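Listed below are the residues making up each chain.
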Amino acid sequence: MFDLGGTLVQWADWEVGAVTKWGLAYDALAGQRSISVSREDFALAMRAAEKAHWERVDREHWSGPPTSVVSDGFRRLGMNVGDRASLAALDGYARAVAGWCTVFADTRETLATLRERGYRLGLLSNTWWAAEWHNADLAAHGLADLLDELVYTSDLGRSKPHPLVFHEIASRLGVEPNVCVMIGDRQIDDVSGARAVGMRAIWRRNESGFPMSDVAPDATIDALAELPDLLRSWGGR
C-alpha cells in the first residue's frame, strides 16, 4: 500500500503553485457571477482555508470533502454563497490542478514489477481533493492500471494515522492488516499509523521537515526501486 504525494508523485512548487491554482479558481467563478473581493484576496483566503484543513487533520485525524475547504474560504471572505458558486470554484480549481504533479522516475517500473510478482497494490492518500481529480492524474501518468484499490480520505471521515483508514484499504484489498506493507514518506501518518494496526511500514526518507515518530519503520528506502529486493529479502515474491 502506497501513500501518494511524496511517495509515488510530487508537487514540486506546492506553496507558490497553490496560490496560483486558487487564482484560476477565482477566474472560473468570476466567469459566472460578479465577485466583491479581489483575485488576490480570494486566493489567499482559500489557501488559508486549505492550511486550516491540514492543521485539523494533524490535530484530530479528521478528514473532509472538497466542499468543506471552499466553504471555509468563502466564510473567511465574508461571502454568503450557494452551492452553485461553491461548485464553480471547485470546478475551476479542479481544472487548474490537472496534471500538476510529476511522477518519480522509478514509480511506474516499480509498481509494474510488483504487479508482475503477484502483489495486490493499493493507494491510501490523505487528501481533501475529490477522488476524481486524483484519478484523472493517475490515469494521465499511466499509473491507474497499476493500482488495484484507491482510498482517499476525502471520501472518509478520518485520515492517516487513524486506524479506520488502514483497515479500509486492507478490507478493499481483501487481506488482513498483518500481511500488508505500507510505504510512505511521513513517519507519523504512514509509519506509526500502519504499525498501530499490525502492518509493516517502510519509510521513504523525506527531509522536508515533517514531524518524526517514536515508532521506528521496519525499513527505510530512498527510492521506490529498492522495494522489490527489500520485499524479497523479507520472504516476499
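Preceding block: the structure.
Residues numbered from 1 in each chain as written. Predicted model: local features only at pLDDT ≥ 70, side-chain atom pairs only at ≥ 80, totals over all residues. Heavy atoms only, no water.

Asker: Give me the packing of helix α3 (residues 66–76) against helix α4 (residues 83–97): which residues, what numbers.
Answerer: Relative orientation of the contacting elements α3 and α4 amounts to 110 degrees, with a least axis distance of 10 Å. It follows from the interaxial angle that α3 and α4 lie roughly perpendicular. Relative to α4, the crossing made by α3 is right-handed. Along its contact with α3, which presents Pro 66, Thr 67, Val 70 and Phe 74, the element α4 presents Ala 85, Ser 86, Ala 89 and Leu 90. Here the residues of the contact of α3 with α4 are counted per class, giving six nonpolar, two polar and no charged. (Axes fitted to C-alpha atoms, helices over the stretch in contact; angles between N-to-C directions. Helix = DSSP H or I, 4+ residues; strand = E, 2+ residues; numbered from the N terminus. Parallel < 35°, antiparallel > 145°, perpendicular 65-115°, else oblique. Left-handed = near helix turned anticlockwise from the far one by under 90°. Contact = heavy atoms within 4.5 Å. Nonpolar A, V, L, I, M, F, W, Y, C, P; charged D, E, K, R; others polar.)

Asker: Which residues make up the pairing of strand β6 (residues 200–204), and what are the values?
Answerer: With respect to burial, β6 is a largely interior element, four of its five residues being buried. Here strand β5 (residues 181–184) pairs with β6 via four bridges, running parallel. From the neighbouring strand, Ile 183 faces β6, where its bridge partner is Ile 202. In this view, the connection linking β5 to its parallel neighbour β6 by way of helix α8 (residues 187–196) has right-handed handedness. Across three bridges, the pairing between β6 and strand β7 (residues 219–221) is parallel. Pairing of Trp 203 across the sheet is with Thr 220, part of β7. (Buried < 20%, exposed > 50% of the residue type's maximum accessible area, 1.4 Å probe, protein only. Pairing = 2+ DSSP bridges. Right-handed = clockwise from strand over helix to strand, strands pointing away.)

Asker: A description of α4 should follow, citing residues and the corresponding values.
Answerer: In this model α4 runs 21 Å from its N-terminal to its C-terminal C-alpha over 15 residues, within 8% of the 21 Å that 1.5 Å per residue would give. Among all positions of α4, only Ala 85, Ser 86, Ala 88, Ala 89, Leu 90, Gly 92, Tyr 93, Ala 94, Ala 96 and Val 97 are buried. Against α1 (14–30), α2 (39–60), α3 and α6 (131–140) lie the buried residues of α4. Note on α4: the residue one or two positions beyond its end, Gly 99, has a positive phi of about 75 degrees. (Expected span 1.5 Å × (residues − 1).)

Asker: Lay out the sheet that holds β6 in plain terms, naming residues and giving numbers.
Answerer: Spatial strand order, β5-β6-β7: three strands in an open sheet with parallel pairing. Edge positions in the sheet fall to β5 and β7, since each of these pairs with one other strand and no more. In this sheet, adjacent strand axes meet at a mean angle of 20 degrees when their direction is disregarded. Packed on one face of the sheet, α8 meets β5 and β6 and runs near 165 degrees to β6.

Asker: Let's hear about the side chain of Asp 3: which residues, and what values?
Answerer: Mapped onto the secondary structure, Asp 3 falls in the segment before β1 (9–10). For Asp 3, a relative accessible area of 6% translates into the label buried. Reaching out from Asp 3, the side chain makes a polar contact with the side chain of Lys 160 at a distance of 3.0 Å. Among residues more than four places away in sequence, those in contact with Asp 3 are Leu 8, Leu 123, Leu 124, Ser 125, Lys 160, Met 182, Ile 183, Gly 184, Asp 185 and Asp 190. (Polar contact = N/O pair within 3.5 Å; in protein donor to acceptor, adjacent residues only side chain to side chain.)

Asker: Quick one: what's the story with the environment of Ile 188, residue by residue and with numbers?
Answerer: Topologically, Ile 188 is positioned in helix α8. Residue classification places Ile 188 among the partly exposed positions, given a relative accessible area of 31%. Residues Ile 188 and Asp 58, spaced 130 residues apart in sequence, show a C-alpha to C-alpha distance of 9.5 Å. If we ignore the near neighbours within four places in the chain, the residues touching Ile 188 are Pro 161, Gly 193, Pro 211, Met 212 and Ser 213.

Asker: Describe in detail α3, supporting the description with residues and values.
Answerer: Those residues of α3 lying buried are Pro 66, Val 69, Val 70, Asp 72, Gly 73 and Phe 74. With its phi angle positive at about 70 degrees, Gly 78 sits one or two positions after the end of α3.

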